[in-house]
Amino acid sequence: MSAYRPLVFAHRGGADALPEHTLGAYLRALEDGVDGLECDVRLTRDGHLVCVHDRRLDRTSNGRGLVSRRTLAQLDEYNYGSWHPGYPADEELPDLSRLLTLERLLEAVRDSGRPVRLLIETKHPSRYGAEVERRLVGMLRRFGLAEPKPDDPVQVTVMSFAALALRRIRAQAPGVPTVYLLELLPPGVGKGRLPFGARIAGPGIDLLRSRPGLLPAMRAAGHQTYVWTVNEPDDLELALRHRVDGVISDRPRFVLDRLAQM
């Protein structure tokens with residue numbers, strides 16, 4: 001029997017070392033040897049999917065206001081890396097400062113020349129509602145990723161805290177696997193039931209700690225479990241003790257180094 005090893009995903013590209021959701025962060029994570037990448041997507045005013053976590057620009061750029069009220073061209077005017085301690089102050093690095101679109105990230109993953117699993121979280125609530133998933137599925141179709149095959153080097157999984165978002169993905173691209181993200185435990189989920197065909201549970205590490213019976217229930221129901229955001233040694237030890245299927249971390253290099261010692 002092969003040794004246990006969970007998949008390692010770089011959360012927002014590995015947000016601890018480099019500015020989150022920048023191309024440079026994702027390329028660095030791929031060089032480090034992660035199994036996959038995680039990103040969040042939001043729609044711009046003119047219908048482009050961009051990799052930004054927050055509703056507002058304030059935390060991760062030198063801009064202000066709502067992402068959804070800006071066009072792609074307007075958003076592209078801001079610097080998305082200079083706030084981060086890992087950003088070099090003495091030079092301009094576009095890969096660490098420019099807005100990253102989902103299209104550009106998919107191109108980079110496709111061109112990496114290696115197998116990559118990409119977790120895409122659609123952020124809700126959104127003023128654009130179901131249009132977020134519609135645009136996402138359309139882009140996956142353009143890249144040939146909406147009907148995955150086992151030997152495809154790039155494998156996309158869609159995640160959301162919103163069960164209705166998962167229902168939309170199932171209706172439009174039933175072959176794309178989905179993750180139901182969990183911060184709290186809705187009724188029934190603790191017994192292993194996931195909504196709308198989701199086959200993977202995505203609990204936060206605090207939920208895994210407070211509900212030790214959650215993972216056994218998921219496993220008994222035939223579901224996998226990807227846990228976020230696993231950054232500290234105690235969190236990683238807990239995840240490994242539960243034998244989770246995937247670890248999502250801001251510090252993927254730390255996780256990989258720990259796994260190499262097992």
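Since the model is a prediction, treat every value here as computed from it, not as a measurement. All chains use their own residue numbering, which begins from 1 and follows the written sequence. Two thresholds apply to this predicted model, a pLDDT of at least 70 for residue-level local features and 80 or more for giving and counting side-chain atom pairs, whereas whole-chain, interface and lining totals are computed over all residues. Processing note: side-chain calculations cover all non-hydrogen atoms of the structure and skip hydrogens and water entirely.

S.K.: Would you mind going over the overall build of the protein with me for this structure?
M.R.: If you tally the helices and strands in the protein, you get 10 helices and 9 strands. Counting only C-alpha atoms and orienting by the principal axes, one finds that the protein spans roughly 50 × 40 × 35 Å. In this description, contact between two residues means that some pair of their heavy atoms is separated by no more than 4.5 Å. Considering only intrachain contacts with a sequence separation of at least 6, the fraction spanning at least 24 residues in the protein is 59%. His is not counted, nor are the chain ends, whereas Lys and Arg count as positive and Asp and Glu as negative. Charge coordinates come from a single atom per side chain, which is NZ of Lys, CZ of Arg, CG of Asp or CD of Glu. Charge centroids of the protein, computed over 37 positive and 34 negative side chains, lie 8 Å from each other. Helix and strand assignments follow DSSP, with helices taken as H or I runs no shorter than four residues and strands as E runs no shorter than two, numbered in order from the N terminus.

S.K.: Even after reading the chapter, I still don't get the side chain of Ser61, so can you show me in this structure?
M.R.: By secondary structure assignment, the location of Ser61 is in the loop between strand 3 (49-50) and helix 2 (72-75). A distance of 2.9 Å separates a polar atom in the side chain of Ser61 from the backbone nitrogen of Gly63. N or O atoms within 3.5 Å of each other form a polar contact, as long as, within protein, one can give a hydrogen and the other can take it, and as long as residues adjacent in sequence are counted only when both atoms are side-chain atoms.

S.K.: How should I be thinking about helix 1 (residues 23-32) in this particular structure?
M.R.: Because an α-helix completes one turn every 3.6 residues, residues spaced three or four positions apart along the sequence face the same direction. A simple rule labels every residue: compare its accessible area, found with a 1.4 Å probe on the protein chains alone, to the largest value its type can have, and call it buried under 20%, exposed over 50%, or partly exposed in between. Along helix 1, the residues classified as buried are Leu23, Gly24, Ala25, Tyr26, Ala29 and Leu30. The elements touched by buried residues of helix 1 are strand 1 (7-11), strand 2 (36-43), helix 3 (94-97), helix 4 (102-110) and strand 4 (116-122). Of the residues flanking the end of helix 1, it is Gly33, one or two places downstream, whose phi is positive at about 100 degrees.

S.K.: Would you mind going over the UniProt feature "domain: GP-PDE" (unreviewed entry) in the protein with me for this structure?
M.R.: UniProt positions are given in the numbering used here, feature names are shortened, and annotations may be inferred rather than shown by experiment. In the numbering used here, UniProt assigns the "domain: GP-PDE" (unreviewed entry) feature to residues 6-259. Counted over residues 6-259, helix gives 31% and strand 18%. Its end C-alpha atoms are 9 Å apart.

S.K.: Help me out: how do you make sense of the packing of helix 9 (residues 233-241) against helix 10 (residues 252-260) in this one?
M.R.: With axes taken as lines fitted to C-alpha atoms, and helix axes fitted only over the stretch in contact, angles between N-to-C directions fall between 0 and 180 degrees. At a closest axis distance of 11 Å, the pairing of helix 9 and helix 10 adopts a crossing angle of 55 degrees. Taken as axis vectors, helix 9 and helix 10 run oblique relative to one another. As for the relative orientation of helix 9 and helix 10, their crossing is right-handed in sense. Here Pro233, Leu236, Glu237 and Leu240 of helix 9 lie close against helix 10, whose contacting residues are Phe254, Val255, Arg258 and Leu259. Class assignment for the residues of the contact of helix 9 with helix 10 results in 6 nonpolar, no polar and 2 charged. When an angle is under 35 degrees it counts as roughly parallel; over 145 it counts as roughly antiparallel; between 65 and 115 it counts as roughly perpendicular; any other value is oblique. Each crossing gets its hand from how the near helix is turned against the far one by less than a right angle, where anticlockwise is left-handed and clockwise is right-handed. Residues were grouped as follows: Ala, Val, Leu, Ile, Met, Phe, Trp, Tyr, Cys and Pro as nonpolar; Asp, Glu, Lys and Arg as charged; and all remaining residues, including Gly, as polar.

S.K.: For this particular structure, what's the right way to read the nonpolar core?
M.R.: Soluble, globular proteins show a tendency: their nonpolar side chains are buried together. In this description, a nonpolar core means a group of buried Ala, Val, Leu, Ile, Met, Phe, Trp, Tyr and Cys residues linked to one another through side-chain atoms lying within 4.5 Å. Ranked by size, the top nonpolar core spans 52 residues in total, and within it Leu37, Cys39, Leu102, Leu105 and Ile120 carry the most contacts. Discounting residues that sit within four places of it in the chain, Leu102 has contacts with Cys39, Val41, Leu49, Val50, Cys51, Ile120, Leu136 and Met139. Counting residues in hydrophobic clusters, the runner-up holds 10 residues, among them Val189, Leu207, Leu214 and Met218.

S.K.: Explain the packing of aromatic side chains to me, please; I cannot follow it from the model alone.
M.R.: Two numbers describe a pair of aromatic rings. These are the distance of the centres and the angle of the planes. Planes of paired rings set the category: under 30 degrees apart is stacked, over 60 is edge-to-face and the rest tilted, where pairs are Phe, Tyr or Trp rings (Trp by its six-membered ring) whose centres lie within 6.5 Å. Following the criterion strictly, the structure yields 2 aromatic pairs and no others. Ring plane angle 45 degrees and centroid distance 5.1 Å describe the contact between Phe9 and Tyr226, whose orientation is recorded as tilted. Linking Phe9 in strand 1 with Tyr226 in strand 8 (residues 224-227), this pair joins segments that are 217 residues apart in sequence. With a centroid separation of 5.8 Å and an interplanar angle of 85 degrees, the aromatic rings of Phe161 and Trp228 are classed as edge-to-face. Here the residue Phe161 occupies a position in the loop between strand 5 (154-160) and helix 6 (163-172), and Trp228 occupies one in the loop between strand 8 and helix 9, the gap between them amounting to 67 residues. Exposure remark for Phe161: the relative accessible area of 37% places this residue in the partly exposed category. Geometrically, a lysine NZ or arginine CZ counts as sitting over a ring once it is within 6 Å of the ring centre and also within 35 degrees of the ring normal. Its guanidinium or amino end placed over the ring of Phe254, Arg251 lies 4.4 Å from that ring's centre, counting from NZ or CZ.

S.K.: Got a minute to help me understand the pairing of strand 7 (residues 200-203) in this structure?
M.R.: Across a regular strand the side chains alternate sides, sitting on one face of the sheet and then on the other. A two-sided burial pattern is seen for strand 7, the buried positions comprising Ile200 and Gly202 on one face and Ala201 and Pro203 on the other. Pairing between strands requires that DSSP locate at least two bridges from one strand to the other. Relative to strand 7, strand 6 (residues 178-182) is paired through 4 bridges, and the arrangement is parallel. When the sheet's bridge partners are listed, Val179 is paired in strand 7 with Ile200. In terms of strand pairing, strand 7 meets strand 8 through 2 bridges, oriented parallel. Of the residues in strand 8, the one forming a bridge with Ile200 is Gln224.

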